[in-house]
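The lines below spell out each chain.
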Amino acid sequence: MDKKISFAVLKKYLTLITFFFLAVPFLIYFFGWLHWWLAVPMTVICLLPLLWEWKRSNDISVPAHEQEPAAISGWQIVIVCGMTLVLVLISGIGGWGFQNVDWEKHNMMLRDLVEQPWPVMYQYDGMQLPLVYYFAYYLPAALIGKAFGWIAANYALLVESWLGLSLVTLWGVTLIKRSWWKAALFVIFFAGMDVLGFALMAPAVQAFAGETLSIYDFEWWSIGWNYPSFNWVLFWTPNQGFVGWLVMAIILDELFNQERKYTLWYLGLTTFWSPFITVGLIPFVLADWVSEPRTLPVWIRKYGLPNLCGVLLGGLIGFMYLSKFHPLPPEISGEIVSVFFFSLTKNAFEVVLALILLILFWLFETGLYGILTWKLLDKNDRRSRLILATVLIVLAALPFYQYGFYNDLLQKASIPSIFALAIIIGRVVLSKGTMLGKKLALTVLLVIGFMTAFVNIGIQVEGIIKNGALWHLPSSGEVSTLWQLQKKEEENAFNIEGLENIEYNSFVSQYIGSNEAAYFRWFVRK
């Protein structure tokens, strides 16, 4: 266990395990949902790039010990995995720790995948409505649950999540390439300065609106926008986080090394995990292509086949999502909020206030970090500057458009950019260099940001204490149905000023499609 492992060797294994982690849900889905004549070729399409990478990795000679300095030992990897296990055990995943209100949705999804026949169909007024959602995260655990029951499914989800978080953290260590334990902690605790934003906005909201901002919603201090911290994503939306972090890590590795391999395959894999993550990754792919246009023909010739596999994977999942546009009964079809943010303002005064709030949001969440990091980056480090510029542009643009009642596009599509920002800043802050004043200023801001992670962890610990147990899993019968959650959402949804005429009846429609759509008539087993 004391044997040192170079980052180059570690990266090879991380890449292969990450590919497998992301691809397994596709294989389960193919044989659980599709006709065999489609499932078999889609399995080949899904595995081909993985086999290609395995062969390529075996062809690469391992650097001699003397040629490349060792970076991390086996024991250090075990310690990193132990750190991630502690986080997973308080996250709510599998009933461990404290489950926030979002876990009603996660538990509903997992329970339905475990207990209902595949393909999952919901019954409404004599109609069959198929499950149409990005449920890749739940499928491996659901398969275990099919064989061994609800509790086993939750333990499997815990193990899967522990593996995913360990991969993410080890990727962070590999990409930052500095002190292994500092890099691991940096990734885990990275967050925007939500605490500072909350301290500024709470008195203002109390004074002008007569309302109180709850500390339990402090990451929503800007009242409408939220760039989620690493821990917030783990505790609330792990189904989005793992794919966003892992695929961003692989793309960052390619960007740093100026090589393209399976870029479109990565994007294809994200579609079933989260289409919001796919959207959030596209700007980085485009930025890379625009920065090196002459290499595109070479890339197409060398890696055209595996990337075609990604296009086919993404195309199949996209075809499934299209079934949402097929007509549904009006009482469950819903209307998803989709609007440019400033169209919600009523006059010039509100526009000015919104702009001020938007500037503060961007500065506290990412802007101040990005400005100082830009000044600290080596002027010759074109790749890091390209990544940082893309991050700041994406995170500056997302707030202008709201999609989803709870601004889902902004929350989810920002996950890859925030992870990329953490890696770039980690490489700068943990390196030795000059400009100590600017580095000290950035470090102070980061410490303020890290307080966000401690508040989130504190909320989880408080929930565990209230539950009186570290493991507190609702029984299968206690988990709400899709229709019960729709009723809860209607009762608890807040009003969005400017959209008073839109009732929040779109919850169910987020999870269903039409059985009459071409995808389900042609491809899915009956």
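Quantities reported herein were computed from a predicted structural model and do not represent experimental measurements.

(A) Just the overall build of the chain, in detail. What the chain contains, in helices and strands, is 21 helices and six strands. Counting contacts in the chain only where the partners sit at least 6 residues apart, residues at least 24 apart contribute 81% of the total. Carbon and sulfur atoms make up 67% of the accessible area of the chain, which totals about 22,700 Å².

(B) Representation of a nonpolar patch on the surface within the structure. A cluster of nonpolar side chains, F31, W36, W37, V40 and V44, forms an exposed patch at the surface whose accessible area comes to about 590 Å². Broken down by element, the residue count for the nonpolar patch peaks at four residues, all from helix α2 (residues 36-59).

(C) Expanded view of the packing of helix α1 (residues 7-33) against helix α5 (residues 139-148). Orientation of α1 relative to α5, taken along the N-to-C sense of each, is 55°, at an axis distance of 9 Å. When the axis of α1 is compared with that of α5, the two are oblique. Each of V24, P25, I28, Y29 and W33 in α1 lies in contact with α5, whose residues at this interface are L139, P140 and L143. Taken together, the residues of the contact of α1 with α5 break down into eight nonpolar, no polar and no charged.

(D) A look at the pattern of salt bridges. According to the stated counting rule, one finds five salt bridges in the structure shown. The residue K105 makes a salt bridge to D102 at a minimum N-O spacing of 3.7 Å. For the pair shown, K105 and D102 are each scored as buried. Between R111 and D112 there is a salt bridge; the shortest N-O distance is 2.9 Å. For the pair shown, R111 and D112 are each scored as buried.

(E) View of the nonpolar core. Grouped together as the largest cluster of nonpolar side chains are 170 residues, with contacts concentrated most on Y29, L34, L113 and F135. Among the elements that make up this core, the one with the highest residue count is helix α6 (residues 150-176) (13 residues).

(F) Examining empty space enclosed by the protein more closely. Following the criterion strictly, the structure yields three cavities of 30 Å³ or more and no others. If you add up the space inside the largest cavity, you get close to 80 Å³. What lines the largest cavity is simply V187, F190, P228, S229, F230, V233, W245, I415, I418, F419 and A422. Taken together, the elements giving at least two residues each to the lining of the largest cavity come down to α9 (230-236) and α18 (415-429).

(G) Spatial organisation of helix α10 (residues 238-257). Between its first and last C-alpha atoms α10 spans 29 Å; for 20 residues at 1.5 Å apiece the expected length is 28 Å, and the two agree. Most of α10 sits out of view: 19 of its 20 residues are buried. Phi for Q258, located one or two positions after α10, is positive at around 55°.

(H) The pairing of strand β3 (residues 121-124), seen in detail. The sheet contact formed by β3 and strand β4 (residues 127-130) spans four bridges and is antiparallel. Note that in β4 the partner of Q123 across the bridge is Q128. In sequence, β3 turns back onto β4 through a hairpin of two residues, with D125 there showing a positive phi of about 50°.

(I) Examining the state of the cysteines more closely. In this structure the tally under the stated criterion is zero disulfides. The thiol of C46 is unpaired, and the distance to the nearest cysteine sulfur, on C309, comes to 8.8 Å.

(J) Representation of the confidence of the model for the chain within the structure. Of all residues in the chain, 90% have pLDDT values of 70 or greater, and the mean over the chain is 87. The element-level mean pLDDT for the chain is lowest in helix α14 (residues 330-333), coming to 72, with α5 highest at 97. Low confidence marks residues 60-68, where pLDDT is under 50. Its contacts with residues over four positions away, or in another chain, come to nine contacts.

Parameters and conventions
- Residues numbered from 1 in each chain as written.
- Predicted model: local features only at pLDDT ≥ 70, side-chain atom pairs only at ≥ 80, totals over all residues.
- Heavy atoms only, no water.
- Helix = DSSP H or I, 4+ residues; strand = E, 2+ residues; numbered from the N terminus.
- Contact = heavy atoms within 4.5 Å.
- Areas by Shrake-Rupley, 256 points an atom, 1.4 Å probe, with all protein chains shown as cover.
- Patch = residues over 30% accessible without salt bridge, like charges linked within 9 Å, V, L, I, M, F, W, Y side chains within 5 Å.
- Salt bridge = Lys/Arg side-chain N within 4 Å of Asp/Glu carboxyl O.
- Axes fitted to C-alpha atoms, helices over the stretch in contact; angles between N-to-C directions.
- Parallel < 35°, antiparallel > 145°, perpendicular 65-115°, else oblique.
- Nonpolar A, V, L, I, M, F, W, Y, C, P; charged D, E, K, R; others polar.
- Buried < 20%, exposed > 50% of the residue type's maximum accessible area, 1.4 Å probe, protein only.
- Core = buried A, V, L, I, M, F, W, Y, C linked by side-chain atoms within 4.5 Å.
- 1 Å grid on protein atoms, 1.4 Å probe; cavity = no way out; pocket = protein on both sides within 12 Å on 5 of 7 lines; lining within 4 Å.
- Points joined across faces, edges and corners; volume = space filled by probe spheres on them.
- Expected span 1.5 Å × (residues − 1).
- Pairing = 2+ DSSP bridges.
- Disulfide = S-S within 2.5 Å.
- pLDDT = per-residue confidence, 0-100.

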